[in-house]
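Descriptive structure summary
Listed below are the residues making up each chain.
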Amino acid sequence: MEILVIALIPLSLLLLGAGFLVVAQVSGFMQSAFFNQRQNFSNMIIQQYMERITLAQGQLYQRKRELEGLSAQLSLSNQELGSLNEMKSKFLSMVVHDVRTPLASIRGFSELLMGKKLGEREEMYLKNIVSSTDQLGRLIADLTDLAMIEAGKLKMEKALFDFPDMAKDILPGLSINAQKKNVELAVNEFPYGVLVDGDKFRLSQVFMNLVNNAIKFTPAGRSVEVFFRREGKYITTLVKDSGIGIHPSETKKIFEKFYQAKYQKDAKLRKQGWGLGLSIAQEVVRAHKGDIGAVSPGLGKGSTFWFKIPAGG
Ligand code: ADP
C-alpha cells in the first residue's frame, strides 16, 4: 500500500505539469486572437474615419467653389449698386435744380398778382398756390441737402458766432408760426454770450426744424417751451412740446431719412412732411461734433427734442 502511494505521487505531479502547459498554451492562443481582433477593429475604424475625411474634404472643396462663385456675384452686384446709387444722386440733383427755377417764378408771379385788386375767390386761389409752392420749396431744399449729404458735399462754413443771438433772430418768425396754429411758444433760461465755432445757417436750420416740428405736432391750445443750458463744454437746446408724443420704439428711428413715425395715427400731419428734416439735422449736428436726440413719455404725452454742440465763451 505504501509503495502504491509513493508511485502515484510523481504521476500526479506529471499530470499537473502537463495540465499547466495546456492551459498556458490555450491562454496564449486566446490572447493573440483577441489582439488580432482588436487590431482589425482599430483598422476598420481608422479606415472609416479616412473615408469620412476624404468625403468632407470633397464637400469642403465644393463649398469653397460655391462661395467663390457667390462672392464674385456679390462684388458684381456691389459694383452695380454703386453705379445705380451714383445715377440716383445725379438724377436727384438734376431734378432738384430743374424744379427750383420754375417754382421760383410761379411763386414770384403769384405774389405779383396778390398785390392786384382781386375777388375773394381769386385771392384764396392765389394763397393756395403760394403755400403749395412754399411746401414744394421746402421739399426741394431738403432734397438738395440730401443729395449733398449723399455725395459727401454738405460742407459746413464754420465761423465764430453768438449762439443765443442766432436763436433770438429766429424766434420772432417761429412765434408767428405758433400763433397761426394757436400754440403758445415760451422761451426759458436764455443764456448770453455763448460763442460757437460753427455754421450759423445750418445750426439755425436745426433749431428751426425742431421748433417747427414741435408746433406742427402740438394741437391748438397747447404749448411749446424752449430751454438753453450750458453743460460742460456744450450748449444744449431743448424743445419740449405737449403734442402727440412718440412711441418708445421710434425715438431713434425718426432720425433715419424718410422715416415718419408709424404709431402716430394722424395721416394728415404725416402728409405735410417727408421725414427728411431730422435726418438732415442729425447730419449737421454730427458735423459739429455734437449730438441730437428725442425723448417722449409715450404717445399722446408730448416729446422733448434736444441737440448739443461744443461752445466756448
Ligand atoms: P417730417 O416732419 O417732414 O415728416 P422730420 O424728419 O422732421 O420729417 O420728422 C420725422 C418724423 O418724426 C415725423 O414725421 C414725426 O413722425 C416725428 N416727429 C418729429 N418731431 C416730432 C414731435 N415734436 N412730436 C412728435 N413726433 C415728431
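Relevant structure appears above.
Quick caveat, the model's predicted, so the values are computed rather than measured.

What counts and what doesn't
Residues numbered from 1 in each chain as written. Predicted model: local features only at pLDDT ≥ 70, side-chain atom pairs only at ≥ 80, totals over all residues. Heavy atoms only, no water. Buried < 20%, exposed > 50% of the residue type's maximum accessible area, 1.4 Å probe, protein only. Helix = DSSP H or I, 4+ residues; strand = E, 2+ residues; numbered from the N terminus. Pairing = 2+ DSSP bridges. Axes fitted to C-alpha atoms, helices over the stretch in contact; angles between N-to-C directions. Parallel < 35°, antiparallel > 145°, perpendicular 65-115°, else oblique. Left-handed = near helix turned anticlockwise from the far one by under 90°. Contact = heavy atoms within 4.5 Å. Nonpolar A, V, L, I, M, F, W, Y, C, P; charged D, E, K, R; others polar. Near = heavy atom within 4 Å. Polar contact = N/O pair within 3.5 Å; in protein donor to acceptor, adjacent residues only side chain to side chain. Areas by Shrake-Rupley, 256 points an atom, 1.4 Å probe, with all protein chains shown as cover. 1 Å grid on protein atoms, 1.4 Å probe; cavity = no way out; pocket = protein on both sides within 12 Å on 5 of 7 lines; lining within 4 Å. Sits in = over half its atoms within 2 Å of the grid points.

**Quick look at the pairing of strand β3 (residues 195-198)**
In regular strands, side chains alternate between the two faces of the sheet. The alternating pattern of β3 places Val196 and Gly198 on a buried face, while none of Leu195 and Asp197, on the opposite face, is buried. Inspection of the sheet shows strand β1 (residues 159-162) paired to β3 by four bridges, in the antiparallel sense. Residue leucine 160 lies in a different strand from β3, and its bridge partner there is aspartate 197.

**Quick look at the packing of helix α3 (residues 163-180) against helix α4 (residues 200-216)**
Axis separation between α3 and α4 bottoms out at 10 Å; the angle between their running directions is 30°. The angle between α3 and α4 places the two elements in the roughly parallel class. Crossing angle aside, the handedness with which α3 passes α4 is right-handed. Listed contacts from α4 to Met166, Ala167, Ile170, Leu171, Leu174, Asn177 and Ala178 of α3 are Lys200, Leu203, Ser204, Phe207, Met208, Val211, Asn212 and Ile215. Of the residues assigned to the contact of α3 with α4, the class counts are 11 nonpolar, three polar and one charged.

**Some points on the sheet that holds strand β4 (residues 223-231)**
As summarised here, the arrangement of the five strands in space is β2-β4-β5-β7-β6, forming an open sheet in which the pairing is mixed. The open sheet has two free edges, formed respectively by β2 (184-188) and β6 (291-295), since each of these has just one partner strand. When strand polarity is set aside, the average angle formed by the axes of neighbouring strands in this sheet is 15°. Of the pairings in the sheet, the one linking strand β5 (residues 234-241) to strand β7 (residues 304-310) comprises seven bridges and is antiparallel in character.

**A closer look at the site of the ligand**
With respect to spatial proximity, 20 residues lie near the ligand, and among them Asn213, Asp241, Gln260, Gln264 and Leu278 are the closest. Here an oxygen atom of the ligand sits 2.8 Å away from a polar atom, N or O, in the side chain of glutamine 264. Computed on the free molecule, the ligand has an accessible area of 530 Å², of which 96% lies beneath the protein chains in the complex. Using a 2 Å cut-off from the grid points, one finds that the ligand occupies the largest pocket. For the shell around the ligand, the secondary structure elements donating two or more residues are α4 and α6 (277-287). Sort the elements by how many residues they give to the shell around the ligand and α4 lands first, with three residues. A per-class count over the shell around the ligand returns 10 nonpolar, eight polar and two charged.

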